[in-house]
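Report on the structure
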Amino acid sequence: MAESQVPISTDSFTHKVTTPAWKTKPTWYMVATADRSINPDQERMMAKRAHAKTVEVNASHVAYMSHPKETAKLIEEAAASSISSK
Amino acid sequence: MKPTQTKPSIVFCHGIWADGSCFNKLIPTLQAEGHQVIAVQYGLDSQAADVAATKRTLARVSSPAILVGHSYGGAVITAAGTDDRVVGLVYIAAVAPDAGETVQSQLDKYPTPIFGHIEVADGRVWMLPEGVKDFAGDLPEQEQKVVWATHFAPDADLFNQKVEGTAWKSKPSWSIVATEDRTVHPDLERFLAKRMGATTVEAKSSHVAMLSQPQLVLDVIRKAAKAAQGAAATA
């Protein structure tokens, strides 16, 4: 994984989002409790602010790689919910 | 990393409809055998930018390095390979333009089925789902679906661009011809391999030989790395 990383532009992290989609769209959030790239408390704060349906996994930042089943389950829940709400 | 590293680094350059992770089946073995490895991630927005990204990435590993290009990545290593840090080139089912040629001018001479399954939209060239059979048709179906789901669409003008530099004229080259390739024509690959005087291996493979025949591709990279080591020892 370290060998196929995409370097980010230094501009990516200073660019401001003007209309966050989580204010208007249903939101799910996976908090990675052992995350050393984004602070888990920051993740919890954002999940709460977005009124997201939230799950916590004991994972590093790449939760989708270390916990693929849990991640897929959360995505499937989101997909199922968006169909049933139509 | 040991200060007296004797093995060359391996730097991978991906093609279109792929990113650096298309080499994931090769990377762990090369690392275990003592190579520093990095796969360049570039945007497929412009060839000049992709070549620049490759040169930036060369600085992240020790020199000398072998550049390995798949498909369009062959055009990238042809240009970036003139860099002094590069001591060998490996082409996997790849294009290799000469001065004055473009990727498109090479492909036009040898049409292939894949280009009947593309759509240009929003300035990018997308592979249609049924096109994956002509791109990676010898992979298990589940793997083909992943290849399609992660395909990275290039800028529609990318193949008409040309960056200066024809490294295969001055650096030792290896070529893997994919005999069942329906994306880059095998006869084009043979013609290019011969023109650059490459050490050539034919693989009964679709276009994505690094995914369908990783052991064969590893063997060729090992030979290129060994030749580079030998050259350094006698220099």
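Residues numbered from 1 in each chain as written. Chains lettered and ligands numbered in written order. Predicted model: local features only at pLDDT ≥ 70, side-chain atom pairs only at ≥ 80, totals over all residues. Heavy atoms only, no water.

Some remarks on the overall build of chain B
- A count of helical and extended segments in chain B gives nine helices and eight strands.
- Here chain B has a C-alpha radius of gyration of 16 Å; the compact-globule value for 235 residues is 18 Å, and the two agree.
- For chain B, long-range pairs separated by at least 24 residues make up 70% of all intrachain contacts whose partners lie at least 6 apart in sequence.
- Within the structure as shown, chain B displays about 9,900 Å² of accessible surface, and the carbon and sulfur contribution to it stands at 54%. (Helix = DSSP H or I, 4+ residues; strand = E, 2+ residues; numbered from the N terminus. Rg over C-alpha atoms; globule rule 2.2 N^0.38 Å. Contact = heavy atoms within 4.5 Å. Areas by Shrake-Rupley, 256 points an atom, 1.4 Å probe, with all protein chains shown as cover.)

Quick look at the nonpolar core
- Judged by nonpolar contacts, the single largest core of 73 residues is most densely connected at Phe-12, Leu-26, Leu-67, Tyr-72, Val-90 and Ile-221 of chain B.
- When residues in this core are grouped by element, the largest group, six residues, is from helix H9 (residues 214–234) of chain B.
- The contact partners of Ile-221 of chain B, leaving out residues within four places of it in the chain, are Ile-10, Phe-12, Leu-26, Leu-30, Val-68 and Val-90 of chain B.
- Membership of the second largest hydrophobic core comes to six residues, among which are Ala-32, Ala-59, Ala-63 and Leu-74 of chain A. (Core = buried A, V, L, I, M, F, W, Y, C linked by side-chain atoms within 4.5 Å. Buried < 20%, exposed > 50% of the residue type's maximum accessible area, 1.4 Å probe, protein only.)

Concerning the interface of chain B and chain A
- Taken together, the nine residues of chain B in the interface contact five residues of chain A.
- When the buried area of chain B at its contact with chain A is split by residue, Gln-31, Ile-38 and Gln-41 of chain B rank highest and sum to 63% of it.
- Counting across the interface, chain B meets chain A through zero salt bridges.
- For the pair chain B and chain A, the interface holds zero residue pairs in polar contact (both at pLDDT 80 or more).
- Elements with a contribution of two residues or more to the side of chain B that touches chain A: helix H1 (27–32) and strand S2 (37–39) of chain B.
- No other element matches S2 of chain B, which puts three residues into the side of chain B that touches chain A. (Buried area = accessible area lost by both parts, 1.4 Å probe. Salt bridge = Lys/Arg side-chain N within 4 Å of Asp/Glu carboxyl O. Polar contact = N/O pair within 3.5 Å; in protein donor to acceptor, adjacent residues only side chain to side chain.)

Overview of the packing of aromatic side chains
Residue and element names in this part refer to chain B.
- Summed over all chains, the structure comprises five aromatic pairs over all chains.
- Taking the centre distance of 4.4 Å and the plane angle of 20° together, the rings of Phe-12 and Phe-23 count as stacked. In this pair, Phe-12 is assigned in strand S1 (residues 9–13) and Phe-23 in the loop between S1 and H1, connecting sequence segments eleven residues apart.
- The exposure class assigned to Phe-23 is buried, which follows from its relative accessible area of 0%.
- Ring centres 5.9 Å apart and planes at 25° place the aromatic pair Tyr-72 and Phe-159 in the stacked group. (Phe/Tyr/Trp six-rings, centres within 6.5 Å; stacked < 30°, edge-to-face > 60°.)

Regarding the packing of helix H2 (residues 47–58) of chain B against helix H3 (residues 73–80) of chain B
All names here are of chain B.
- With their axes 9 Å apart at the nearest point, H2 and H3 run at an angle of 65° to one another. As for the relative orientation of H2 and H3, their crossing is right-handed in sense. Contacts between H2 and H3 involve Gln-47, Asp-50, Val-51, Thr-54 and Lys-55 from the former and Ala-75, Val-76, Ala-79 and Ala-80 from the latter.
- Split by residue class, the contact of H2 with H3 holds five nonpolar, two polar and two charged. (Axes fitted to C-alpha atoms, helices over the stretch in contact; angles between N-to-C directions. Left-handed = near helix turned anticlockwise from the far one by under 90°. Nonpolar A, V, L, I, M, F, W, Y, C, P; charged D, E, K, R; others polar.)

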